[in-house]
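# Notes for the structure review
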Amino acid sequence: MVIVDNLSRRRIDLELGTSSLTPIQSPQARVAAWKNVSRREIRFHNLTVGSEYRDLVMLLQAEKPAAIVHFAEQRSAPYSMYGSRSMRYTVQNNLNGTHDVLCAVVEAGLYDTHIVHLGSIGVYGYKSTGARIPEGYLPVTIRSDDGPKEIEIMYPAAPGSIYHMTKSQDALFFYYYNKNYGLRITDLHQGIVWGTQTRETALAPELVNRFDYCGLYGTVLNRFLLQAALGYPLTVHGSGEQTRAFIHIQDTVRCIELAVRSPEDNRKRVRILNQITETHRVIDLASRISAMTGVPWRSVANPRNEEAANDFDVENDGLMSLGLAPTTLEKGLMEEVCDIAGKYKDRCVVSQIPAVAAWR
Ligand code: USQ
């Protein structure tokens, strides 16, 4: 197994003056710790996917991977809206990165390699439709010369941030490379991740994952959990009636494993799976954590251009039928508050908590 990473997230921390709540070791220390606990080796290559194209092709030719898990994208919606510098970086990095992976797989002749991409559930948009959102494809009836005809189209993209726009555009690259070269691609439309540890990262302190809480990189539930541990009123944007889809970090890893291992033939068309386990309104999460900890929530002016309230009903049958057994909020929430947020709260820089990216 090989990790390809250019450590860009660490550079963004330097740019913003932020850091993970949990202490993050160097990649070398992490792979050494993993070898120690598992006796299995992971090799690490510092390479920028999206610009060091020749090195990527040579690496693929040498490794001939059965699967590529493509995470090499700027991953925060708020950071992508922070200003022209981060907007342009997100577009250049994400789109060139995805295209280079696809182009390099073709150039290396790896037509059997399965590409599993981490996309976003946010590509569907958050407008209430009154209907369940399917897994990527929508059956529609069109008027033809011979009368009404049933066809299937890609679900219309409705990105609400530059970040989500790049994930929407990735889908067209996948469509093209699948149609033209028959590449095997699975696009995972992931919801908002919460939690920190997986079974593997809990095996050694050096392996702990990042816990982002700042206004640009922290996702809502992890932010609320840390805020509760600090006694800082939970920052609900606007009325908090936005409904969003969530998944625990352990389950994201399981979903990737299920996607990589499943034998489904995705040569005929890109397979799209919605990687979410539950949906909640922001206000319900805040109220629940508040009741659990006694820390109040407070409404702050919403910095984002988003619907004040929405329904969000999404199918997730694909991964469930492959064997996903969700870690629910009920099961995991308290553990996370007491464990990670409580343990590391003294490392928190409170001035980093407020949201700083305005959508307009
Ligand atoms: N929110 C608050 N208070 C906060 C932070 C957020 O009320 O302190 C609200 C936001 O206004 C939004 C919702 O919570 O309505 C979710 O915000 P978020 O920051 O947790 O998630 P978001 O920025 O939408 O996107 C994040 C990551 C992105 C990932 C996405 C999954 O930035 O990488 O893909 O979660 S999804 O949106 O489901 O596609």
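Before reading further, recall that the structure is shown in the block above.
Overview of the structure. Since the structure is predicted, the reported quantities are computational estimates derived from the model, not experimental observations. Note on numbering: residues in each chain are counted from 1, in written sequence order. Reporting in this predicted model follows two pLDDT cut-offs: at least 70 for local features of residues, and 80 or more for side-chain atom pairs to be given and counted; totals over whole chains, interfaces and linings ignore these cut-offs and use all residues. The side-chain figures draw on all heavy atoms in the structure; neither hydrogens nor water molecules are used.

### Topic: the site of the ligand
In plain terms, the rule: We call a residue near a given molecule or strand whenever any one of its heavy atoms falls within 4 Å of it. Pairs of N or O atoms are called polar contacts if they sit within 3.5 Å, as long as, within protein, a hydrogen donor faces a hydrogen acceptor (for residues adjacent in sequence, only side-chain-to-side-chain pairs). Counting from the N terminus, the helices are the DSSP runs of H or I reaching at least four residues and the strands are the DSSP runs of E reaching at least two.
In the neighbourhood of the ligand, 25 residues make up the surrounding shell, with R75, S120, V220, T235 and E306 lying closest. Residue G122 places a main-chain N or O atom 2.8 Å away from an oxygen atom belonging to the ligand. Taking R244, its side chain carries an N or O atom lying 3.4 Å from an oxygen atom of the ligand. Broken down by secondary-structure element, the contributors of at least two residues to the shell around the ligand are α4 (77-80), α6 (162-181), α7 (220-230) and β9 (234-237).

### A short note on the packing of aromatic side chains
Our working definition: Classification of ring pairs uses Phe, Tyr and Trp, with its six-membered ring standing for Trp, and accepts pairs whose centres are within 6.5 Å; under 30 degrees between planes counts as stacked, over 60 as edge-to-face, and the remaining range as tilted. Think of it in three bands: residues with accessible area under 20% of the maximum for their type are buried, residues over 50% are exposed, and the middle band is partly exposed, with areas taken using a 1.4 Å probe on protein chains only. The rule for a charge over a ring is simple: NZ of Lys or CZ of Arg within 6 Å of the ring centre, and within 35 degrees of the ring normal.
In this structure the tally under the stated criterion is six aromatic pairs. Centroid distance Y177 to Y181: 5.3 Å. Interplanar angle 25°. Geometry classified as stacked. Here Y181 and Y177 lie together in helix α6, a separation of four residues that amounts to about one turn. Classification of Y177 as buried rests on a relative accessible area of 7%. Each residue in the set Y79, Y82 and Y217 is aromatic and connected to the rest through ring pairs, giving one cluster. A cation over an aromatic ring shows up here: R244 above the ring of Y126, its NZ or CZ 3.6 Å from the ring centre. Residue placement shows R269 over the ring face of Y137; its charged tip is 3.7 Å from the ring centre.

### Describing α7
At 3.6 residues per turn, the α-helix brings residues three or four places apart onto the same side. Within α7, eight of the eleven residues are buried, which leaves the element mostly enclosed by the surrounding structure. Count one or two residues on from α7 and you reach G231, which has phi positive near 75°.

### Notes on the side chain of N316
Our working rule: Contacts are assigned to residue pairs with any non-hydrogen atoms lying within 4.5 Å of each other.
With respect to the helices and strands, the residue N316 is situated in the loop between β13 (297-300) and α10 (317-322). Note on N316: relative accessible area 14%, which makes it buried. Here the side chain of N316 touches I276 through a polar contact of 2.9 Å, landing on its backbone oxygen. Each residue touching N316, except ones within four places of it in the same chain, is listed here: E135, N274, I276 and T277.

### Things to note about the sheet that holds strand β7 (residues 184-190)
Hydrogen bonding along the main chain pairs the strands of a sheet, whether they run parallel or antiparallel. Put simply, the rule reads: For two strands to pair, DSSP has to find at least two bridges joining them. All axes are obtained by fitting lines to C-alpha atoms, using only the stretch in contact for helices, and the reported angles, taken between N-to-C directions, cover 0 to 180 degrees.
Reading across from one edge, β3-β4-β7-β11 is the order of the four strands in this open sheet, with parallel pairing throughout. In this open sheet, the two strands that pair with only one neighbour each are β3 (67-70) and β11 (271-275). Here the strands of the sheet are splayed against their neighbours by 20° on average, with no regard to which way each runs. In the sheet, strand β4 (residues 114-120) pairs with β7 via seven bridges, with the strands oriented parallel. From the neighbouring strand, S120 faces β7, where its bridge partner is Q190. Packing of α6 onto the sheet brings it into contact with β4 and β7, and relative to β4 it is tilted by some 155°.

### Observations regarding a nonpolar patch on the surface
Selection rule: Residues forming no salt bridge and having over 30% relative accessible area are the ones grouped into patches, like charges within 9 Å of each other and nonpolar side chains (Val, Leu, Ile, Met, Phe, Trp, Tyr) within 5 Å. Note on areas: Shrake-Rupley, 1.4 Å probe, and residue coverage restricted to the protein chains presented here. Whenever a carboxyl oxygen of Asp or Glu lies within 4 Å of a side-chain nitrogen of Lys or Arg, that contact is scored as a salt bridge.
Taken together, Y111, L172, Y175, Y176 and Y181 make up a surface patch of nonpolar side chains, about 500 Å² in accessible area. Following the sequence through the fold, Y175 ends up in helix α6. Look at Y175 and you get partly exposed, because its relative accessible area is 43%.

### Considering the pattern of salt bridges
Once the charged atoms of two side chains with opposite charge are near each other, the side chains can pair. All told, the structure shown has 20 salt bridges when counted by the stated rule. Two residues, E152 and R269, come together in a salt bridge whose shortest N-O distance is 2.6 Å. Here E152 is found in strand β6 (residues 147-154), whereas its partner R269 is found in the loop between α8 (249-261) and β11, with 117 residues between them in sequence. Relative accessible area serves as the criterion here: at 47%, E152 is assigned to the partly exposed category.

### Side note on the pairing of strand β5 (residues 137-144)
Here β5 runs beside β6; their pairing, made up of eight bridges, is antiparallel. Bridge pairing links I142 to K149 in β6. Hairpin connection from β5 to β6: two residues lie between these consecutive antiparallel strands.

### Describing the sheet that holds strand β12 (residues 278-281)
With respect to topology, three strands assemble into an open sheet ordered β8-β10-β12, the strand pairing being mixed. In this open sheet, the two edge strands, each paired with only one partner strand, are β8 (192-194) and β12. Within the sheet, the average angular offset between the axes of one strand and its neighbour, ignoring direction, is 45°. Inspection of the sheet shows strand β10 (residues 243-248) paired to β12 by four bridges, in the antiparallel sense. Counterpart to F246 in the pairing with β12 is E278. Set on the sheet, α8 makes contact with β8 and β10; between it and β10 the angle comes to about 75°. Lying on the sheet, helix α9 (residues 282-293) is in contact with β10 and β12; it crosses β12 at an angle near 85°.

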